[in-house]
Amino acid sequence: MTNTVGVLVMSYGTPEKMESIEAYYTHIRRGRPPEPEQLKELTDRYEAIVGGVFPLRENTDNQVKALQETLNKDDRSNEVEFRCYQGLKHAYPFIEDGVEQMAKDGIQTAIGIVLAPHFSTMSVGSYIKRAREKAEDLGIQMSFIESYHLHPKLIQALSTRVSAKLDAFEEAGAKRGDVRVLFSAHSLPARIVDIGDPYPQQLMETSEVIASRLGITNWQFTWQSAGRTAEPWLGPDILDTLQDLAREQVEDVLVAPIGFVSDHLEVLYDLDIEAKAIAKEIDMRLMRIDSLNSDPLYMETLSDVIINQWQQGT
Ligand code: FEC
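One structure accompanies this document, and this report is about it. In this text, all values refer to a predicted model and were calculated from it rather than measured experimentally.

**Some words on the coordination of the iron atom of the ligand**
Thinking step 1. Among protein residues, the single donor to the iron atom of the ligand is Tyr12 (OH), with a metal-donor distance of 2.3 Å.
Thinking step 2. Position of Tyr12 among the secondary structure elements: in the loop between strand E1 (3-11) and helix H1 (21-28).

**Describing the sheet that holds strand E7 (residues 252-256)**
Thinking step 1. Strand order across the open sheet formed by four strands is E6-E5-E7-E8, with parallel pairing between neighbours. The open sheet has two edge strands, strand E6 (219-224) and strand E8 (285-288), and neither has a second partner. Within the sheet, the average angular offset between the axes of one strand and its neighbour, ignoring direction, is 30 degrees.
Thinking step 2. Taken together, the six bridges between strand E5 (residues 180-186) and E6 define a ladder with parallel strand orientation.

**Focus: the site of the ligand**
Thinking step 1. The local shell around the ligand holds 23 residues, among which Tyr12, Thr14, Arg30, Tyr46 and Tyr127 are the closest.
Thinking step 2. Between the ligand and the protein, one listed contact pairs an oxygen atom with a backbone N or O atom of Leu265 at 3.0 Å.
Thinking step 3. Of all the secondary structure elements, the ones that give two or more residues to the shell around the ligand are H1, helix H2 (36-50) and helix H9 (265-268).
Thinking step 4. Split into classes, the residues belonging to the shell around the ligand amount to twelve nonpolar, seven polar and four charged.

**Some words on the packing of aromatic side chains**
Thinking step 1. For the structure on display, the rule yields six aromatic pairs.
Thinking step 2. Here a set of aromatic residues connected by ring pairs shows up, and it is made of Tyr199, Phe221 and Trp223.
Thinking step 3. Of note, Arg29 hangs over the ring of Tyr25, and the distance from its end group to the ring centre comes to 5.9 Å.

**With respect to helix H7 (residues 199-214)**
Thinking step 1. Over its 16 residues, H7 extends 23 Å from the first C-alpha to the last, a length consistent with the 22 Å expected when each residue adds 1.5 Å.
Thinking step 2. Among all positions of H7, only Tyr199, Gln202, Leu203, Thr206, Ser207, Ile210 and Ala211 are buried. Taken end-on, H7 shows its buried residues confined to a sector of 165 degrees, consistent with a single buried face.
Thinking step 3. At its buried positions, H7 is contacted by helix H6 (152-171), E5 and E6.
Thinking step 4. Count one or two residues on from H7 and you reach Gly215, which has phi positive near 65 degrees.

**Remarks on the nonpolar core**
Thinking step 1. Within the largest apolar cluster, 52 residues are counted, with the highest numbers of intra-cluster contacts made by Phe82, Leu254, Tyr298 and Ile306.
Thinking step 2. For this core, the element with the most residues is helix H11 (residues 296-311), which contributes eight residues.
Thinking step 3. Excluding residues within four positions of it along the chain, Ile306 makes contact with Val7, Leu67, Leu71, Phe82, Ile111, Ile113 and Ile145.
Thinking step 4. Grouped together as the second largest cluster of nonpolar side chains are 19 residues, Leu8, Ile95, Val114 and Tyr127 included.

**Section: the side chain of Ser207**
Thinking step 1. With respect to the helices and strands, Ser207 occurs in helix H7.
Thinking step 2. Those residues in contact with Ser207 that lie beyond four places of it in its chain are Phe183, Trp219, Phe221 and Ile258.

**Some remarks on the sheet that holds E1**
Thinking step 1. One open sheet accounts for four strands, arranged E2-E1-E3-E4; its pairing is parallel. Two strands close off the open sheet at either side, each with one partner strand: strand E2 (80-88) and strand E4 (141-144). Neighbour to neighbour, the strand axes of the sheet diverge by 25 degrees on average, direction disregarded.
Thinking step 2. Relative to strand E3 (residues 109-114), E1 runs parallel, the two being bridged by five bridges. The residue of E3 that forms the bridge with Val7 is Ile111.
Thinking step 3. Strands in contact with helix H3 (residues 55-73) are E1 and E2; relative to E2, the strand with the most contacts, it is inclined by about 165 degrees.

**Details of the packing of H3 against H11**
Helix-helix packing: each pair is described by the crossing angle between the helix axes and the interaxial distance.
Thinking step 1. Contact geometry for H3 and H11: axes closest at 9 Å, N-to-C directions at 55 degrees. With respect to their mutual orientation, H3 and H11 come out oblique. Seen along the crossing, H3 lies across H11 with a hand that is right-handed. Residues Gln63, Ala66, Leu67, Thr70 and Leu71 of H3 form the contact with H11, whose participating residues are Tyr298, Met299, Glu300, Leu302, Ser303, Ile306 and Ile307.
Thinking step 2. In terms of residue class, the contact of H3 with H11 is built from eight nonpolar, three polar and one charged.

**Remarks on the environment of Val193**
Thinking step 1. Residue position: Val193 is located in the loop between E5 and H7.
Thinking step 2. Residues Val193 and Leu234, spaced 41 residues apart in sequence, show a C-alpha to C-alpha distance of 8.8 Å.

Reading the values: the criteria
Residues numbered from 1 in each chain as written. Predicted model: local features only at pLDDT ≥ 70, side-chain atom pairs only at ≥ 80, totals over all residues. Heavy atoms only, no water. Donors = N, O, S within 2.8 Å, 3.2 Å for Na, K, Ca; no water. Helix = DSSP H or I, 4+ residues; strand = E, 2+ residues; numbered from the N terminus. Pairing = 2+ DSSP bridges. Axes fitted to C-alpha atoms, helices over the stretch in contact; angles between N-to-C directions. Near = heavy atom within 4 Å. Polar contact = N/O pair within 3.5 Å; in protein donor to acceptor, adjacent residues only side chain to side chain. Nonpolar A, V, L, I, M, F, W, Y, C, P; charged D, E, K, R; others polar. Phe/Tyr/Trp six-rings, centres within 6.5 Å; stacked < 30°, edge-to-face > 60°. Lys NZ or Arg CZ within 6 Å of the ring centre and 35° of its normal. Expected span 1.5 Å × (residues − 1). Buried < 20%, exposed > 50% of the residue type's maximum accessible area, 1.4 Å probe, protein only. Arc of directions from axis to C-beta. Contact = heavy atoms within 4.5 Å. Core = buried A, V, L, I, M, F, W, Y, C linked by side-chain atoms within 4.5 Å. Parallel < 35°, antiparallel > 145°, perpendicular 65-115°, else oblique. Left-handed = near helix turned anticlockwise from the far one by under 90°.

Okay, structure coming up:
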């Protein structure tokens, strides 16, 4: 009989429709409803990206489906059937719903993975904590993958994207070596540094490996999408970085948001609309690499770390 292993694929989540934005935002704010102006500001950002559509939902659905196919195609998984379940941090189906569905389907053993390559206690760590608690309640034996930020196939997929956009700069008349490559990721409250969180270091490692693989020396790391709260967040923020680069007379900038794996608000608005508007003002040419979405190399990265974990006796 084939042994079935559940795979809980966790992602940030996005509203299902415009009317769900308030509930979504309230969940992100741990139950505190947003002020009307905050809600309007977020609603306007969703309107601006694609007029009331939420691309992250379809992208996550596609990633989960593609991952299940990739897992079950792998020669190493002949005696097992991997069944993927979705669990979202801030929207339906929530992480707990995904674990509950596994229990209903009779899953006894499962592996959890987050669609974000870098570990932070505040991001991936909090997904894992919620899934672990629910799995313990329901008697599912569950293990987790914390990070995969240096997996060779992930590095290959990201490097290919950086290289393709450097080609685009060359075709547009720029000198490859003059393009400043900005690796970026979602900022977090600066207090994570005091607790020795590995997030900044892991992001730096991914950036360094891609740069060295492509022979890029003209690069730096910058943060983006910091939350709108009173406490200090990790910086510099990309919008300030662009202004600094203008003062250095850098004319061509390629953004590589390596902390994200999908097209969503933080890429389609924060980079494609907000950062590009600043670049236009300061007469800078700004491009960004394509998102991974369901790229086969990304699916193989996830599949490989999951199968390795299973082989180690989850
Ligand atoms: O497209 C979409 O609908 C969702 C886009 C989206 C992604 C995403 C990823 C991450 N976040 C991370 C941390 C925080 C922290 C706070 C926070 C707040 C927001 C808000 C929206 C939002 N995030 Fe997000 N995030 C996305 C969207 N995020 C909307 C609320 C309005 C705003 O501040 O812009 C602050 C929460 C608080 O107030 O306590 C912290 C991290 C990631 C990347 C890793 C991951 O995917 O989990 C870290 C996508």
